[in-house]
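Inside the fold
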Amino acid sequence: MATIHEGASIVPSKLELLTRWMPDQRWYAGKGHTPQLERVGGFRFEDPEGEVGVEIHLVADRAASPVVVYQVPVTYRGAPLAGAEQALVGTTEHSVLGRRWVYDGPHDPVYVAALVDTILTGGRSDEARASRGSNAAALGSPTGLTAGTVTSSTVLTGEQSNTSIICRMAAPGGGPAEPLIVKVFRILQDGDNPDVVVQSALTAAGSDRVPATFGHLSGAWDDPSGSGSEHHGHLAFAQEFIPGVEDAWRVALVAAAAGSDFAARARDLGVVTAEIHASLAAALGREEATTEAREALVGSMRERYAAAVASVPELGAHGDEVELLLAEVRSAAWPPLQRIHGDFHLGQVLDVPERGWVALDFEGEPLRPLAERVRPDLVHRDIAGMLRSFDYAAGSVRLTDETPSDDATANAWAAACRRAFLDGYGSIAGELGTDDHRLIRVLELDKALYEVVYEARNRPAWLPIPVEAVRRLLSEKGPPR
């Protein structure tokens, strides 16, 4: 058991160290400014060997508006951790222990082992002893579908808002066990994370269209607004890891570039999407759409259209068409709302041999407020997201190929995928009617307008893909082409 040296001094302080390090991390949302950190919570894990300190900091960044709460696990070592130079947060001088090397926790095997053990055994972390902020312990909640201990781990690179760790496992009786992946949520919001809730509901319903859920870690922290109340939420999520597979984006891109028929695979993806929606409706229920929900969609569309026009002024000529489409949406018959994926595209689906398409990452758009991401929504939003993804796969081919005939081939490829996907979806959910197609079109347009703004700011060369989609969606009649 590690000894806690109360009253010891640390230079630089923990918060000073994090303030210097966090701006360079991909998950830090406050690009361009220096964090102003305040501890609002935290807890500890015990190192069985008593050598490594493991502390999870829950800190509010008051330089952001609104304030953002981050989860920052770190480990403290008396000597450098071999091979972890890229994960070094910094060094501190401890008045009792001397120099300590501080590491980003997901890269340290001691933190990872403790995190996974707490989740899979339903354990409880150690409480911190800080003078400011909540010292509430974190609690593990297992599903009972797996057990074991971590033998080695690897952090995935490139993630924007979370940190995912692939864990090789040993079975309780010895020998290897199936690997798992644990996602550490970096940005915390009050309430249950939809990735945990939705995927857990699908696993509990027996669906194999998602990776099996193994458990989660939840905790509490002080409301950063100073209300005196506590916020609660999910901190980490463990699930089945499926190795050696490609996502649907890569599979589709190869087919689009080769001009290969992808319609059968697109139809299968439509079937899987409808099956997921049906399972979610059965597990988590539905509710009738309100006038407020309709007006919220109309308001969102108008805001996104205005932002797109600001980025590409020639789109301003389509204002009348946008208003006509919104009028159709107001008058359309809306089905009941339910939980959906929320950020559905080809990159969120794995191509698993002998299992088919497997969807993942049900967190929704990570930068949207949690209160919005957990609301029941139209299933048509997921359908529209996938239709836009087919268009992007074809569009990427058009951008890289130079011969005019390739444009027509890529467009025909995307149209065939879109029709096949809708046919597959309708084979499970029932034939899509006129009002369904209106809702799909307006949500596809909503997505395309968002893409216009994103590409104008980040990848101007890709702007033709969403701009062409906006024009097509405003001109077409009947089912999406």
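Report on the accompanying structure. (Residues numbered from 1 in each chain as written. Predicted model: local features only at pLDDT ≥ 70, side-chain atom pairs only at ≥ 80, totals over all residues. Heavy atoms only, no water.)

Points about the overall build of the protein chain
The secondary structure content of the protein chain amounts to 12 helices and 19 strands. Since a compact globule built from 481 residues should have a radius of gyration of about 23 Å, the 24 Å found for the protein chain is in line with a globular shape. Across its three principal axes, the protein chain shows a C-alpha extent of roughly 75 × 50 × 50 Å. Residues counted as buried form 50% of the 481 residues belonging to the protein chain. Taking the intrachain contacts of the protein chain between residues at least 6 apart in sequence as the baseline, contacts between residues at least 24 apart amount to 67%. Only carbon and sulfur atoms are counted for the fraction: they give 51% of the accessible area of the protein chain, which is about 21,000 Å². Of the side chains in the protein chain, 44 bear a positive and 66 a negative charge, and the two mean positions are spaced by 2 Å. (Helix = DSSP H or I, 4+ residues; strand = E, 2+ residues; numbered from the N terminus. Rg over C-alpha atoms; globule rule 2.2 N^0.38 Å. Buried < 20%, exposed > 50% of the residue type's maximum accessible area, 1.4 Å probe, protein only. Contact = heavy atoms within 4.5 Å. Areas by Shrake-Rupley, 256 points an atom, 1.4 Å probe, with all protein chains shown as cover. Lys, Arg positive; Asp, Glu negative; His and termini not counted. Charge placed at Lys NZ, Arg CZ, Asp CG, Glu CD.)

With respect to the sheet that holds strand E14 (residues 230–240)
One open sheet accounts for 6 strands, arranged E8-E13-E14-E11-E10-E9; its pairing is antiparallel. Edge strands, defined here as strands with exactly one partner in the open sheet, are strand E8 (139–142) and strand E9 (149–155). The sheet shows a mean angle of 25 degrees between the axes of neighbouring strands, taken without regard to direction. Relative to E14, strand E11 (residues 176–185) runs antiparallel, the two sharing 5 bridges. Paired with Lys 183 across the strands is Phe 237, a residue of E14. Relative to E14, helix H3 (residues 194–204) is tilted by about 45 degrees, and along the sheet it contacts E11, strand E13 (213–222) and E14. (Pairing = 2+ DSSP bridges. Axes fitted to C-alpha atoms, helices over the stretch in contact; angles between N-to-C directions.)

Description of the sheet that holds strand E15 (residues 246–247)
By definition, the strands of a sheet pair up through backbone hydrogen bonds, in either a parallel or an antiparallel sense. With antiparallel pairing, 3 strands are arranged side by side in an open sheet as E15-E18-E19. Two strands lie at the open edges of the sheet, namely E15 and strand E19 (356–359), each paired on one side alone. One ladder, built from 4 bridges, connects strand E18 (residues 349–352) with E19; its direction is antiparallel. Its bridge partner being in E19, Leu 350 is matched across the sheet by Val 358.

Observations regarding the packing of H3 against helix H5 (residues 263–284)
Contact geometry for H3 and H5: axes closest at 9 Å, N-to-C directions at 95 degrees. It follows from the interaxial angle that H3 and H5 lie roughly perpendicular. In this structure, H3 contributes Val 198, Ala 201 and Leu 202 to the contact, and H5 contributes Ile 276, Ser 279, Leu 280, Ala 283 and Leu 284. Of the residues belonging to the contact of H3 with H5, the class tally is 7 nonpolar, 1 polar and no charged. (Parallel < 35°, antiparallel > 145°, perpendicular 65-115°, else oblique. Nonpolar A, V, L, I, M, F, W, Y, C, P; charged D, E, K, R; others polar.)

Quick notes on the nonpolar core
Core analysis: the biggest nonpolar cluster contains 41 residues, and Phe 262, Phe 390 and Trp 413 have the highest contact counts within it. Going through the elements one at a time, H3, helix H4 (248–258), H5, E19, helix H9 (380–400) and helix H10 (404–429) are the ones with two or more residues in this core. If near-sequence neighbours (up to four positions away) are discounted, Trp 413 is found in contact with Ala 252, Ala 255, Ala 256, Ser 260, Phe 262, Phe 390, Ala 393 and Ala 394. Counting residues in each nonpolar core, the second largest holds 35 residues, with Ile 165, Met 169, Leu 188 and Ala 236 among its members. (Core = buried A, V, L, I, M, F, W, Y, C linked by side-chain atoms within 4.5 Å.)

Section: the environment of Val 397
Topologically, Val 397 is positioned in helix H9. Put simply, Val 397 and Thr 409 are 12 residues apart on the chain and 9.7 Å apart in space, counted from C-alpha to C-alpha. Discounting residues that sit within four places of it in the chain, Val 397 has contacts with Ala 256 and Ala 257.

Some thoughts on the packing of aromatic side chains
Counted under the stated rule, the structure contains 9 aromatic pairs. With a centroid separation of 5.7 Å and 75 degrees between ring planes, the pair formed by Phe 43 and Phe 45 is classed as edge-to-face. With respect to class, Phe 43 is no different from Phe 45; both count as buried. Counting every residue linked through ring pairs, the aromatic cluster contains Trp 21, Trp 27, Tyr 28 and Tyr 70. Over the ring of Trp 462 we find Arg 459; its NZ or CZ atom is 4.1 Å from the centre of that ring. (Phe/Tyr/Trp six-rings, centres within 6.5 Å; stacked < 30°, edge-to-face > 60°. Lys NZ or Arg CZ within 6 Å of the ring centre and 35° of its normal.)

Points about H5
For H5, which comprises 22 residues, the first-to-last C-alpha distance of 31 Å matches the rise-based estimate of 32 Å (1.5 Å per residue) to within 8%. Positive backbone phi, at 85 degrees, marks Gly 285, one or two positions downstream of H5. (Expected span 1.5 Å × (residues − 1).)

What to know about the environment of Phe 421
With respect to the secondary-structure elements, Phe 421 resides in helix H10. The spacing of Phe 421 and Val 52 is 369 residues in sequence and 52 Å in space, taken between C-alpha atoms.

A look at the environment of Trp 249
Summarising the element assignment, Trp 249 is placed in helix H4. The exposure class assigned to Trp 249 is partly exposed, which follows from its relative accessible area of 25%. Separated by 143 residues in sequence, Trp 249 and Tyr 392 have C-alpha atoms that sit 9.5 Å apart. Once you skip the residues sitting within four places of it in the chain, Trp 249 turns out to touch Leu 346, Gly 347, Ser 389, Tyr 392, Ala 393 and Ser 396.

Thoughts on the pattern of salt bridges
Tallying each qualifying case throughout the model produces 29 salt bridges. Between Arg 99 and Glu 93 there is a salt bridge, with its nearest N and O atoms 2.7 Å apart. A residue is classified by how much of its surface remains accessible, and Arg 99, at 46% relative accessible area, is partly exposed. Between Arg 302 and Glu 323 there is a salt bridge; the shortest N-O distance is 2.9 Å. In this pair, Arg 302 is assigned in helix H6 (residues 291–311) and Glu 323 in helix H7 (residues 319–331), connecting sequence segments 21 residues apart. (Salt bridge = Lys/Arg side-chain N within 4 Å of Asp/Glu carboxyl O.)

Let's talk about the packing of H9 against helix H12 (residues 464–475)
For any two helices packed against each other, one specifies the inter-axial angle together with the distance between the axes. Where H9 meets H12, the closest approach of the two axes is 10 Å, and the angle between their N-to-C directions is 125 degrees. The pairing of H9 with H12 is recorded here as oblique in orientation. Considering only the axes of H9 and H12, their crossing is right-handed. Judged by residue contacts, Arg 388, Asp 391, Tyr 392, Gly 395, Ser 396, Arg 398 and Leu 399 of H9 engage Ile 465, Pro 466, Glu 468, Ala 469 and Arg 472 from H12. Split by residue class, the contact of H9 with H12 holds 5 nonpolar, 2 polar and 5 charged. (Left-handed = near helix turned anticlockwise from the far one by under 90°.)

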